[in-house]
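Here are the chains, one letter per residue:
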Amino acid sequence: MMKTAVIALGSNLDEPQRQVRAALDEIAALPQTRILRASSLYVSVPVGYADQPDFINAVCLVETGLTDTALLDALHGIEARFGRERSFRNAPRTLDLDIIDYNGGIRSDDYLTLPHPRAHERSFVMKPLAEIAPDYPVGRHGTAAELAQALGGAGIECLADMREQTGGL
């Protein structure tokens, strides 16, 4: 049975725009998975550890037959192929792929927490999600559009429309 998932993408090393675009291609190539919509690219200031380059962020909405665990495993595999190193929390990275939501499910264990525990606090997730799915519910916090509006636009700017780059995703 197909499920809907929201995936956030981010990069701030080694040509981040190229990294995010290539990661979307990799996500689209996952078995039993297709991208329904992909947001524009956004540039955002780093959160947590500030002494690093700005990030390029995007969000995609996918339909997948993979379980939440299998999807996360696949995303970790993509990160590894892109040279992701996990040196410390909020460190600069070639690619970061996070499952924000998986079919509205709730899960909290050592491997995966759903919905993503901090996504509703991050404009670099909510702005792109509000662009492609404004009415998408984010846990019990509200819709993507409501959360994006509440977070405001400080520290984030729309950079490029992914739909122009990817042939209408």
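The structure presented is a predicted model; accordingly, all values stated were derived computationally and were not measured.

A. Representation of the state of the cysteines. A complete count under the given rule lists 0 disulfides for this structure. The structure places no disulfide on Cys-60, whose sulfur is separated from the nearest cysteine sulfur, that of Cys-158, by 16 Å. A relative accessible area of 0% means that Cys-60 is categorised as buried.

B. Up close: the pairing of strand β4 (residues 55-64). Where burial is concerned, most of β4 is hidden: 9 out of the 10 residues are buried. For strand β1 (residues 3-11) and β4, the ladder comprises 9 bridges, and the chain directions are antiparallel. Opposite Ala-5, over in β4, you have Val-62 as the bridge partner.

C. Summary view of the nonpolar core. Judged by nonpolar contacts, the single largest core of 28 residues is most densely connected at Leu-9, Ile-27, Cys-60, Leu-71, Leu-75, Ile-78 and Leu-97. Mapped onto this core, the elements with two or more residues apiece are β1, α1 (16-28), β2 (33-38), β4, α2 (68-81) and β5 (96-102). Looking at which element gives the most residues to this core, the answer is α2, with 5 residues. Each residue touching Leu-71, except ones within four places of it in the same chain, is listed here: Ala-5, Ile-7, Leu-30, Thr-64, Leu-66, Ile-99 and Tyr-102. Among the nonpolar cores identified, the runner-up in size contains 20 residues, and Val-6, Ala-119, Met-126 and Val-138 belong to it.

D. Just the side chain of Thr-143, in detail. Of note, Thr-143 is situated in the loop between α3 (123-132) and α4 (144-151). Contacts of Thr-143, omitting those with residues within four sequence positions, involve Pro-134, Asp-135, Tyr-136, Pro-137 and Val-138.

Rules and cut-offs
- The written sequence of each chain sets the order in which its residues are numbered from 1.
- The predicted nature of this model means local features are confined to residues of pLDDT at least 70 and side-chain atom pairs, given and counted, to a pLDDT of 80 or more, with totals for whole chains, interfaces and linings taken over all residues.
- The basis for every side-chain value is the complete set of heavy atoms in the structure, and neither hydrogens nor water enter the calculation.
- Working definition: a disulfide is two cysteine sulfur atoms within 2.5 Å of each other.
- Categorising residues by exposure relies on relative accessible area from a 1.4 Å probe, with only protein chains included: less than 20% of the type maximum marks a residue as buried, more than 50% marks it as exposed, and the intermediate range marks it as partly exposed.
- Note on conventions: DSSP H or I runs of at least 4 residues are helices, E runs of at least 2 residues are strands, and numbering of each starts at the N terminus.
- Note: two strands are recorded as paired if DSSP finds a minimum of 2 bridges between them.
- Here, the term nonpolar core denotes a set of buried Ala, Val, Leu, Ile, Met, Phe, Trp, Tyr and Cys residues that are joined through side-chain atoms within 4.5 Å.
- The criterion used for residue contact is that any of the two residues' heavy atoms lie within 4.5 Å.

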